[in-house]
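# Commentary on secondary and tertiary structure
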Amino acid sequence: VLGMFTLLMAGSFIFNQIRDIKTDTLNDGIPIIAKGGYPISMAIAETCIFTIIPLIYALLMSKLLAVFIFSAFFLTVLYNVKPFYFSGKPFLDFLSNGIGFGIIAFGIGWISAQGHNSPDLKNCFLQALPYFFGMSCGSIGSTIPDEIGDSKTGKITTVIYLGRDKANLLCILFLTLALLFSIYNSDFLMIIMSTVSLPLFIKYQITGNRKDGIYAFQICGGIMMLLVLFIFPWFLAIALPASIGTKLYFKFRHKTVYPKIG
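Residues numbered from 1 in each chain as written. Predicted model: local features only at pLDDT ≥ 70, side-chain atom pairs only at ≥ 80, totals over all residues. Heavy atoms only, no water.

### Let's talk about the packing of aromatic side chains
Taken as a whole and judged by the stated rule, the model has twelve aromatic pairs. Consider the rings of F132 and F133, whose centres lie 5.1 Å apart with planes at 65 degrees: the pair is edge-to-face. Take F132: its relative accessible area is 14%, and that puts it in the buried class. Ring geometry for F133 and F181: centres 5.9 Å apart, planes at 15 degrees, overall stacked. Taken together, the residues span a long stretch of sequence, with F133 in helix α6 (residues 121–142) and F181 in helix α9 (residues 164–185) at a distance of 48 residues. Ring-pair connections join several aromatic residues into one group, and the members of that group are F91, F94, F132, F133, Y161, F174 and F181. (Phe/Tyr/Trp six-rings, centres within 6.5 Å; stacked < 30°, edge-to-face > 60°. Buried < 20%, exposed > 50% of the residue type's maximum accessible area, 1.4 Å probe, protein only. Helix = DSSP H or I, 4+ residues; strand = E, 2+ residues; numbered from the N terminus.)

Here you go:
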């Protein structure tokens, strides 16, 4: 299930880059399709393959898993395809990410761990709330570097709609709620992540420095990935080659250090 959901998300991310070629060209970083010269035809083929395989797998496994996997797929469509295009609409941008990664992805893991036919879904949603708020916060923060390009191409993200100050206050609120619910759930991973991340977003609120905002959401996500290793050490075997491979690719293909902090 982990492998299948990884394929589905890979297809989703490629599809998002295909849809955002215009804005990615104006923004920072080096998106592989918009600036890296990767063939669009190949990207479309990969998106189709990476999407179809997990959908078929879910149908063969169980009805409940199929509901969650197909929900993730439909959310990808709503996020990227017009007239819905949640990616470029205030509030819907972070809500779709919060629901997709904080609740649906969490639920897929929950179903796999507890059994496909008899999982405690009520408790699942309660345990997922800190991740919903944490992911919503990270989603808002991740649009800070893209503010200029998004604005020029007509995307009205939450950051553009509310302005940086109000959007960051929303991040602080979400992190506070994530901390409260994680304490209630005795979820030590999210307690640590929220506690460490809150001061970073508060600092950004005080300074208004764009780099402080970028550091806040990047460190927030980085901390969570490190914490995952304590409950799922195999994540290192997945993440380390991907991280090293990405670094080497951009160093030798584009002569740049990417991705990087800040």
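Now that the structure is up, let's keep going.
### Examining helix α11 (residues 210–231)
Taking 1.5 Å per residue as the helical rise, α11 with its 22 residues ought to reach 32 Å, and the 33 Å between its terminal C-alpha atoms agrees with that figure. Those residues of α11 not exposed but buried are D212, G213, I214, A216, F217, C220, I223, M224 and L227. In this structure, the buried side of α11 is in contact with α6 and α10 (188–207). Its side-chain oxygen 2.8 Å from the backbone nitrogen of K211, N209 forms the N-cap of α11. (Expected span 1.5 Å × (residues − 1). Contact = heavy atoms within 4.5 Å. Polar contact = N/O pair within 3.5 Å; in protein donor to acceptor, adjacent residues only side chain to side chain.)

### Some points on the environment of I191
Position of I191 among the secondary structure elements: in helix α10. As for I191 and T51, which are separated by 140 residues in sequence, their C-alpha atoms are 34 Å apart. Each residue touching I191, except ones within four places of it in the same chain, is listed here: L179, S182 and I183.

### A short note on the pattern of salt bridges
Side-chain pairs of opposite charge can arise whenever the charged atoms involved come near each other. Applying the stated criterion across every chain, the model contains three salt bridges. The shortest N-O distance in the salt bridge between D212 and K203 comes to 3.9 Å. Using a relative accessible area of 13% as the deciding quantity, one classes D212 as buried. Looking at K203, the relative accessible area reads 46%, which means it is partly exposed. (Salt bridge = Lys/Arg side-chain N within 4 Å of Asp/Glu carboxyl O.)

### So, the nonpolar core
Counting 32 residues, the largest nonpolar core has I140, F174, M193 and F201 as its most contacted members. Elements with a contribution of two residues or more to this core: α5 (92–114), α6, α9, α10 and α11. Counting residues per element, this core draws most heavily on α9, which supplies eight residues. The residues contacting I140, other than those within four sequence positions of it, are F94, V159, A167, L170, C171 and F174. L8, L65, F68 and I108 belong to the second-largest nonpolar core, a separate cluster that totals 15 residues. (Core = buried A, V, L, I, M, F, W, Y, C linked by side-chain atoms within 4.5 Å.)

### Examining the packing of helix α4 (residues 63–80) against α5
Helices that pack against each other are described as a pair by the angle of their axes relative to one another and the distance between those axes. Viewed as axis vectors pointing N to C, α4 and α5 meet at an angle of 160 degrees, and their least axial separation amounts to 10 Å. On the basis of their axis angle, the class for α4 and α5 is roughly antiparallel. α4 and α5 meet at a crossing whose hand is left-handed. On α5, the residues touching L64, L65, F68, I69, S71, A72, L75 and Y79 of α4 are D93, S96, N97, I99, G100, I103, I104, G107, I108 and I111. Of the residues in the contact of α4 with α5, the class split is twelve nonpolar, five polar and one charged. (Axes fitted to C-alpha atoms, helices over the stretch in contact; angles between N-to-C directions. Parallel < 35°, antiparallel > 145°, perpendicular 65-115°, else oblique. Left-handed = near helix turned anticlockwise from the far one by under 90°. Nonpolar A, V, L, I, M, F, W, Y, C, P; charged D, E, K, R; others polar.)

### Focus: the confidence of the model for the protein
Mean pLDDT over the protein: 90, with 97% of residues reaching 70 or higher. Confidence, read as mean pLDDT per element, is least for helix α2 (residues 21–26) in the protein (76) and greatest for α9 (96). (pLDDT = per-residue confidence, 0-100.)

### Describing the side chain of D93
In this fold, D93 is placed in helix α5. Within the buried set, D93 has no salt-bridge partner at all; the shortest N-O distance to an opposite charge, 7.9 Å, is to K155. The contact partners of D93, leaving out residues within four places of it in the chain, are Y79, F86, S87, S139, T157 and T158. (Lys, Arg positive; Asp, Glu negative; His and termini not counted.)

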